[in-house]
Amino acid sequence: MLLHEDRLFPAEGTAREVARKLYAVARDLPIISPHGHTDPAWFAQNDAFPNPAALFIQPDHYIFRMLYSQGVSLESLGIGSHRADPREVWQIFARHYYLFRGTPTRMWIDYAFRSLFGLEERLSEANADVFYDTIDKALQTPALRPRALYDSFRLEVLATTDSPLDTLEHHKAIRESGWKGRVVPTFRPDAVVDFEFANFRGNIDKLGEITGEDTSNYTGYLNALRNRRAFFKQMGATATDHGHLTARTADLSKSEAEALYAKIYGGKASHEDGELFQAQMLTEMAGMSVEDGLVMQLHPGSVRNHNSGLYEKFGRDKGADIPAPTEYVRSLRPLLTKYGNESNFTFVLFTLDESTYARELAPLAGHYPCLRLGPAWWFHDSPEGMMRYREQVTETAGFYNTAGFNDDTRALLSIPARHDVARRVDCAFLGRLVAEHRIDEDEAFELIEDLTVNLARKVYRL
Amino acid sequence: MLLHEDRLFPAEGTAREVARKLYAVARDLPIISPHGHTDPAWFAQNDAFPNPAALFIQPDHYIFRMLYSQGVSLESLGIGSHRADPREVWQIFARHYYLFRGTPTRMWIDYAFRSLFGLEERLSEANADVFYDTIDKALQTPALRPRALYDSFRLEVLATTDSPLDTLEHHKAIRESGWKGRVVPTFRPDAVVDFEFANFRGNIDKLGEITGEDTSNYTGYLNALRNRRAFFKQMGATATDHGHLTARTADLSKSEAEALYAKIYGGKASHEDGELFQAQMLTEMAGMSVEDGLVMQLHPGSVRNHNSGLYEKFGRDKGADIPAPTEYVRSLRPLLTKYGNESNFTFVLFTLDESTYARELAPLAGHYPCLRLGPAWWFHDSPEGMMRYREQVTETAGFYNTAGFNDDTRALLSIPARHDVARRVDCAFLGRLVAEHRIDEDEAFELIEDLTVNLARKVYRL
Amino acid sequence: MLLHEDRLFPAEGTAREVARKLYAVARDLPIISPHGHTDPAWFAQNDAFPNPAALFIQPDHYIFRMLYSQGVSLESLGIGSHRADPREVWQIFARHYYLFRGTPTRMWIDYAFRSLFGLEERLSEANADVFYDTIDKALQTPALRPRALYDSFRLEVLATTDSPLDTLEHHKAIRESGWKGRVVPTFRPDAVVDFEFANFRGNIDKLGEITGEDTSNYTGYLNALRNRRAFFKQMGATATDHGHLTARTADLSKSEAEALYAKIYGGKASHEDGELFQAQMLTEMAGMSVEDGLVMQLHPGSVRNHNSGLYEKFGRDKGADIPAPTEYVRSLRPLLTKYGNESNFTFVLFTLDESTYARELAPLAGHYPCLRLGPAWWFHDSPEGMMRYREQVTETAGFYNTAGFNDDTRALLSIPARHDVARRVDCAFLGRLVAEHRIDEDEAFELIEDLTVNLARKVYRL
């Protein structure tokens, strides 16, 4: 029988009893999803998903990177431009399902199998076809359409992540459709800030066209960004997001920044110029957040497309993004010196380098009024990862300098499963604190609501 | 009811039973405090503390940094040159007391509330005035004077931290007063070693005046330091303390060191010169410790005054010192090559970078005869922090290459609370080792006494 | 009574019950030892071991580094060229046995005391002579000869580590002796790859002599290495091993590599040249592994012989090798770009820097098909170290991208003890996963066999 009702709680005693009671509250709270990567077109068009492989496997790099690591070719899974029979893809997946033992992926998928499709066995080679047929059939029903899923997941708000060049036409369609779901965009300017981004100069020019600003000079470029931020805000956005290799920031003089932009725009920038420009732009974006109130998020530390051969054949997001050591204290100083004490500024920091939790991030967030810590992210969005986060962050930053949970996913079906894991781990952590007499039980009940919904609502201004 | 008697012990079973039995022993042992920052004037003058805000809030950067991180201004707390009504400061604190949930600060303060003032509720906006009045009244009683607190805390020895330029007049007054308390100074030469220290050159000149040495040259400077160390030792000091940004050490030739000092003294040093000088001075200080037997302590890794705006308005120690990654293996090699095998040398290492516990510090301390590891420090002086320390240090360095507990505090009232937390965590750790049959119970009883009092006495030569 | 039957299991409840059941299976499985440092001459000659001190203390740097850290001189232990009465050495050890409380060394030694010598008390000054006499007497019996120990330990295969210049005469003698034990060599080319290795140029010349290749040029040098790898393979080797300071790899053009080798061979290489050459050689070795199928192991991150004074007096391997921060993501990229997707390539990574488990190693191993993670190594081959490994690796890499256990020891008697600790910790980890409903119990039974024997057999191609 999939998914025991006490999963992820402490195995014994008072801590488990308290965790159960807290979860009875947490389970029924709505889902706030302030950071994620679902496709707004799903909700605009509300079409059925095509088949189990296309839904569960082909878009999910958590799954196919694990299969690839054990010798399964991406071609055989129908990834990229390759065609594969979806049932055969499903059978390969089922045959290798044992690889996911002990991983959060397994828990997320089992949750979807059971809660959405009523499947109660463990997936295996033997029952692969039964699973395939059950899921395939259900996908044709109205209950499995995107809007119905949004409602049945009890989502209160769902943020997508969008290019500054995006017309947000799907968001517009959603708003005009009369449907009550709240799907909001997030302003992610990498395409016009990261000088190594595909078609970077073309993107800058397009930014100028869209906004009517002259992006050949720095002032016009900044104004164009302001213009797009205002548009995103008008379309419901409450936040921006920035995915840099490092957390480096800079605070150049106006003339230095203009000269640097001229090199960047003219295509004459060195690698160091490009990195300095990104550093400068984080500080500029912080300044714009002080102006317009959009919450700023920073997701640094991932070396993208580490496997060059795979990248050439299959492109981005194929499970080969690998974290690197990340430094925050010196890197963020220019930005924090300029804007760290501003009362209207909220800056949410994430990391893939857990050694920074207790050493750098909790002390920073436990001091600067603008800072909040995002939840355990990506590889650390897992029971052990979340527990390490709470254990290493709380004693210095407290609970109230954290930002609630993000599911950060492009896998729609995994959203309730991911929030469920986060809630269970928080219940387990609080249950232990109560059992060890480190907080009182009434405080734990207040905290579980804050961690589950209130902090996310407040930090992201939702 | 504040503070359950089983707090911080394992929540269930044999581990808890053993922890309870060990704590029954540990609880009644005296407090050895070989490293801290209380003011010797308190014990020399034995005046009453002014009011609850001045005692608990205004001097404690653990408290006001957390309030500041959530938007409370330092002005409103009466920090720096700002005046604020102490009762209003207390009310702000009470209103935000929930921010400390899950932090050691909360546990320390609750301990003082209950043990010193008989307060048994949790502080809140509703009872803030009752707390204020109760504490304020008690502060006027003889039992709350510094010497009475020293006695009631059962302190065996309390070390302060002092500038090499300090006359130690308060220590002198204490010794001549006939009072039996043992308050000893610690030699902390940052003011004449750190070239960025306020009034550095003036300090060097004053060092020359005090000692009658010619500190315009390196030999005179070193002799002046020797002279002051001898004075501190005569006044009861058993240790020195060094607070550098990094753990870098150097072993320059005599002529190189003299030339470097000439640049430093002449105010012509580059930043790199200044860092090299500090590195060289750590090795010189180690050599002096070999001569005079003072135990050497190194506290590296804190980027001081990270928040420039706040520093300009409020000065040092305002909760904006942030740890940075710290390297020990290559950094300490020059010093350890020269003095690491000396039998009369004790060198206690601290860190704010927990990733070095298992990787660098435990292997170093598990080999070099001079090295001992100081306890979990500052942000890591917390239940989870201490537990990680034991878990990551013990298997390589054992228990006997550690140095017992330091409270490291300027908050007098928190001393027994901090030692109590440390003792409880050690009981919990040992209780688990016994319950998992990794040590025998009779060994745990020996160990708890060693960890609580014997190691500190021995390592610090008290 | 030494060694409780439930040692290292969770102290309570379901997790303990499951751990016990799993251990009942694991306990009786054979020992696979694919990486270690025992002396093949022992099995070739099958002589008795001389005395307790020579067996337990003098060759074991885990033991004498701890004694040295507490002021015991290596001279008094008869280390190096120093002579000491073995009984007196044993008494020193017994007197200091309390230092090992909480360390894995203590658990390994107690295991040998009890299982091989029937000793059931804890070693102390009082019973030191009884222990000495009991062990000394037993060492003269046939049951304590190397081959008998191999059999009684139920070793299935035992790999040694050997210089490429080694004649493998002992391995040859074992194979020709008719004895059924499987003792295989491992190809470890440090002596002809590390330009700072003692007599490096002489080693290169000898490599040429042995193989008949002209090692004065790069092509001849590479061919000579290919030749020796083939010889090792013919003598039973299935793996190579590489002990570099860093994980740096390079992929030079043929002409660059030839020019670099000319400098190295000619003794005109800078330090940077030497490091680049090692980086290049890792990639060359990977290429040879693709050709010949030998599994490649990388053990980076140890700063060797940190204590210069001790090294000058006593030589290598005296407990003064200290780990340093180690970077993998950028370092391994050249090698992985060239060979990371090869289906015939297995590359096992180790680390002494635990901060890389979740940040770098698990994401790399969870993607690249060639990569497997070696077990917790050296200072981390300990209960807490192994548990951190499982907790930080499993959620991203799963269990099946790990390589089973290595005892990595030159202490023959500790082999079964080390495997026993590893099995118990795995049972404890799996027991907790079952108790927390994160895997099913039937999966745990499959996993414990995989972790104990199947993964090692498969990854090391045994």
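Parameters at a glance
Residues numbered from 1 in each chain as written. Chains lettered and ligands numbered in written order. Predicted model: local features only at pLDDT ≥ 70, side-chain atom pairs only at ≥ 80, totals over all residues. Heavy atoms only, no water. Helix = DSSP H or I, 4+ residues; strand = E, 2+ residues; numbered from the N terminus. Rg over C-alpha atoms; globule rule 2.2 N^0.38 Å. Buried < 20%, exposed > 50% of the residue type's maximum accessible area, 1.4 Å probe, protein only. Contact = heavy atoms within 4.5 Å. Areas by Shrake-Rupley, 256 points an atom, 1.4 Å probe, with all protein chains shown as cover. Domains from an automatic or database assignment. Buried area = accessible area lost by both parts, 1.4 Å probe. Salt bridge = Lys/Arg side-chain N within 4 Å of Asp/Glu carboxyl O. Phe/Tyr/Trp six-rings, centres within 6.5 Å; stacked < 30°, edge-to-face > 60°. Lys NZ or Arg CZ within 6 Å of the ring centre and 35° of its normal. Pairing = 2+ DSSP bridges. Polar contact = N/O pair within 3.5 Å; in protein donor to acceptor, adjacent residues only side chain to side chain. Nonpolar A, V, L, I, M, F, W, Y, C, P; charged D, E, K, R; others polar. Expected span 1.5 Å × (residues − 1). Least-squares fit on C-alpha atoms with pLDDT ≥ 70 in both. Axes fitted to C-alpha atoms, helices over the stretch in contact; angles between N-to-C directions. Parallel < 35°, antiparallel > 145°, perpendicular 65-115°, else oblique. Left-handed = near helix turned anticlockwise from the far one by under 90°. Bend = angle between axes of the 7 residues up to and from the residue.

**Student:** So what's going on with the overall build of chain A? Residues and values would help.
**Tutor:** Across its full length, chain A carries 20 helices and 9 strands. Scaling as 2.2 N^0.38, a compact globule of 462 residues should have a C-alpha radius of gyration of about 23 Å, and chain A matches this with 22 Å. Overall, chain A is about 65 × 55 × 45 Å in size when its C-alpha atoms are taken along their principal axes. For chain A, buried positions account for 65% of its 462 residues. Sequence separation of at least 24 residues holds for 76% of the intrachain contacts in chain A that already meet a minimum separation of 6. Within the structure as shown, chain A displays about 15,500 Å² of accessible surface, and the carbon and sulfur contribution to it stands at 48%.

**Student:** Tell me about the domain arrangement of chain A, and name the residues and values.
**Tutor:** Residues and elements named next belong to chain A. Each assigned domain of chain A is listed with its residue range as follows: domain 1 (13-47 + 146-459) and domain 2 (48-144). On a C-alpha basis, the centroid separation for the pair domain 1 and domain 2 is 28 Å. On the domain 2 side, the residues contacting the 29 residues of domain 1 number 26 residues. When domain 1 packs against domain 2, close to 2,300 Å² is buried across both sides, 73% of that on carbon and sulfur atoms. Three residues stand out in domain 1 for area buried against domain 2, namely F314, L413 and R418, and they jointly supply 25% of the buried area on that side. Inspection of the region where domain 1 meets domain 2 yields 1 salt bridge. Put simply, K313 and E75 hold a salt bridge, and the shortest N to O gap is 3.8 Å.

**Student:** Outline the packing of aromatic side chains, listing residues and values.
**Tutor:** Note on aromatic pairs: each is described by the distance of the centres and the angle between the planes. This structure, assessed with the given rule, holds 96 aromatic pairs over all chains. A ring pair is formed by W42(B) and F49(B), whose centres lie 5.4 Å apart and whose planes are at 80°; its orientation type is edge-to-face. Taken together, F56(A), W90(A), F93(A), Y97(A), F100(A), F113(A), F117(A), F131(A) and Y132(A) form an aromatic cluster joined through their ring pairs. Geometry around W108(B) places R418(B) over its ring, the cationic atom sitting 3.7 Å from the centre.

**Student:** Give me the lowdown on the sheet that holds strand β2 (residues 155-159) of chain C, citing residues and values where you can.
**Tutor:** Residues and elements named next belong to chain C. Spatial strand order, β1-β2-β3: 3 strands in an open sheet with parallel pairing. Among the strands making up the open sheet, the edge pair consists of β1 (31-33) and β3 (183-184). Here β2 runs beside β3; their pairing, made up of 2 bridges, is parallel. Its bridge partner being in β3, L158 is matched across the sheet by V183.

**Student:** Hey, could you go over the interface of chain C and chain A for me, with residue numbers and the actual values?
**Tutor:** Note: interface size is frequently given as the accessible area lost on complex formation between the parts. Contacts between chain C and chain A engage 42 residues on the former and 48 residues on the latter. Roughly 3,900 Å² is buried in total at the junction of chain C and chain A, and carbon and sulfur atoms are behind 49% of that figure. Summed over the three residues of chain C that lose the most area to chain A, namely R359(C), H367(C) and E395(C), the buried surface amounts to 20% of that side. Our enumeration of links across chain C and chain A arrives at 10 salt bridges. On inspection of chain C and its partner chain A, the count reaches 31 residue pairs in polar contact (both at pLDDT 80 or more). Mapped onto the side of chain C that touches chain A, the elements with two or more residues apiece are α1 (13-26), α16 (333-339), α17 (355-365), α18 (383-397), α19 (415-435) and α20 (441-459) of chain C. The element contributing the most residues to the side of chain C that touches chain A is α17(C), with 7 residues. Per-class residue counts for the side of chain C that touches chain A are 15 nonpolar, 13 polar and 14 charged.

**Student:** An account of helix α6 (residues 104-117) of chain A is needed here, citing residue identities and associated values.
**Tutor:** Residues and elements named next belong to chain A. Taking 1.5 Å of rise per residue, 14 residues should cover 20 Å, and α6 covers 19 Å from first to last C-alpha, within 8% of that figure. With respect to burial, α6 is a largely interior element, 11 of its 14 residues being buried. Buried within α6 are the following residues: P104, T105, R106, M107, W108, I109, D110, Y111, A112, F113 and F117. Where α6 ends, the next residue or the one after it, G118, has phi of about 65°, a positive value.

**Student:** Tell me about the relation of the copies chain C and chain A, residues and numbers included.
**Tutor:** The two copies are related by a screw operation: chain C maps onto chain A through 120° of rotation and 0.0 Å of translation along the axis, at an RMSD of 0.0 Å. Such a combination of turn and shift is consistent with a three-fold rotation axis. When C-alpha positions in chain C are compared against the rotation axis, the closest is assigned to S355(C), at 3.7 Å. Little of the interface of chain C is mirrored in chain A, where only 2% of its interface residues again form contacts.

**Student:** For the interface of chain C and chain B, give the residues involved together with the corresponding values.
**Tutor:** Between chain C and chain B, the residue contacts involve 48 residues of the former and 42 residues of the latter. Both faces combined, the contact of chain C with chain B buries some 3,800 Å², and carbon together with sulfur accounts for 49% of it. By the criterion of area lost to chain B, the three top residues of chain C are R101(C), H306(C) and E384(C), representing 19% of everything that side buries. Linking chain C to chain B there are 10 salt bridges. Between E443(B) and R106(C) there is a salt bridge whose closest N-O contact spans 2.9 Å.

**Student:** Talk me through the relation of the copies chain C and chain B; I want residue IDs and the actual numbers.
**Tutor:** For the match of chain C to chain B, the screw axis carries a shift of 0.0 Å, the RMSD comes to 0.0 Å, and the turn is 120°. Take the interface residues of chain C: only 2% of them recur as interface residues in chain B, which is what a contact between different surfaces looks like.

**Student:** Explain the environment of H437(B) to me, and be specific about the residues and the numbers.
**Tutor:** Of note, H437(B) is situated in the loop between α19 (415-435) and α20 (441-459). When its relative accessible area of 27% is taken as the criterion, H437(B) is described as partly exposed. Apart from residues no more than four positions distant in its own chain, H437(B) is found in contact with H4(C), D6(C), R7(C) and M107(C). A polar atom in the side chain of H437(B) sits 3.4 Å from the side chain of H4(C).

**Student:** Could you give me a rundown of the side chain of E443(B), with the residues and numbers involved?
**Tutor:** Turning to its location among the elements, E443(B) is positioned in helix α20. Within polar-contact distance, the side chain of E443(B) engages the backbone nitrogen of D440(B) at 2.8 Å.

**Student:** Give me the lowdown on the pairing of strand β5 (residues 295-298) of chain A, citing residues and values where you can.
**Tutor:** Within a regular strand, the side chains alternate between the two sheet faces. Residues and elements named next belong to chain A. Burial along β5 is two-sided: V295 and Q297 facing one way and M296 and L298 facing the other are all buried. As defined by bridge partners, strand β4 (residues 239-242) adjoins β5 across 4 bridges and the pair is classed as parallel. Along β5, the bridge assignment pairs T240 with M296.

**Student:** Summarise the sheet that holds strand β8 (residues 347-349) of chain C; cite the residues concerned and give the values.
**Tutor:** Residues and elements named next belong to chain C. Strand order in the open sheet formed by 4 strands is β4-β5-β8-β9, with parallel pairing between adjacent strands. The outermost strands of the open sheet, each flanked by one partner alone, are β4 (239-242) and β9 (371-373). Looking at each pair of strands side by side, their axes are set apart by 25° on average, direction ignored. In terms of strand pairing, β8 meets β9 through 3 bridges, oriented parallel. Pairing of F347 across the sheet is with L371, part of β9. Strands β8 and β9 of the sheet are contacted by α17, whose axis makes an angle of about 135° with β9.

**Student:** Give a detailed account of the packing of α19(C) against α20(C), specifying residues and quantitative values.
**Tutor:** All names here are of chain C. It is the contact of α19 with α20, at a shortest axis distance of 10 Å, that shows an interaxial angle of 160°. The orientation of α19 relative to α20 falls into the category roughly antiparallel. Helix-helix and strand crossings are classified by hand; for α19 and α20 the assignment is right-handed. Seen from α19, the contacting residues are R423, D426, C427, L430 and V434; seen from α20, they are E441, A444, L447, I448, L451 and T452. A class-by-class count of the residues in the contact of α19 with α20 yields 7 nonpolar, 1 polar and 3 charged.

**Student:** Could you give an account of α20(C), with specific residues and numbers?
**Tutor:** Residues and elements named next belong to chain C. An ideal rise of 1.5 Å per residue puts 27 Å on 19 residues; α20 measures up with 25 Å between its terminal C-alpha atoms. Of all the bends in α20, the largest measures some 55° and sits at D450. For α20, the set of buried residues is E443, A444, L447, I448, D450, L451, T452, V453, L455, A456 and V459. R461 occupies a position one or two residues after α20 and carries a positive phi of about 55°.

**Student:** Can you break down the pattern of salt bridges residue by residue, with the values?
**Tutor:** Residues and elements named next belong to chain B. Summed over the entire model, instances satisfying the criterion amount to 126 salt bridges over all chains. Among the ionic pairs, D6 bridges to R16, the shortest N-O distance being 3.9 Å. Within this pair, whereas D6 is found in the segment before α1 (13-26), its partner R16 is found in helix α1, the two being separated by 10 residues in sequence. Residue classification places D6 among the buried positions, given a relative accessible area of 5%. Residue classification places R16 among the partly exposed positions, given a relative accessible area of 22%.

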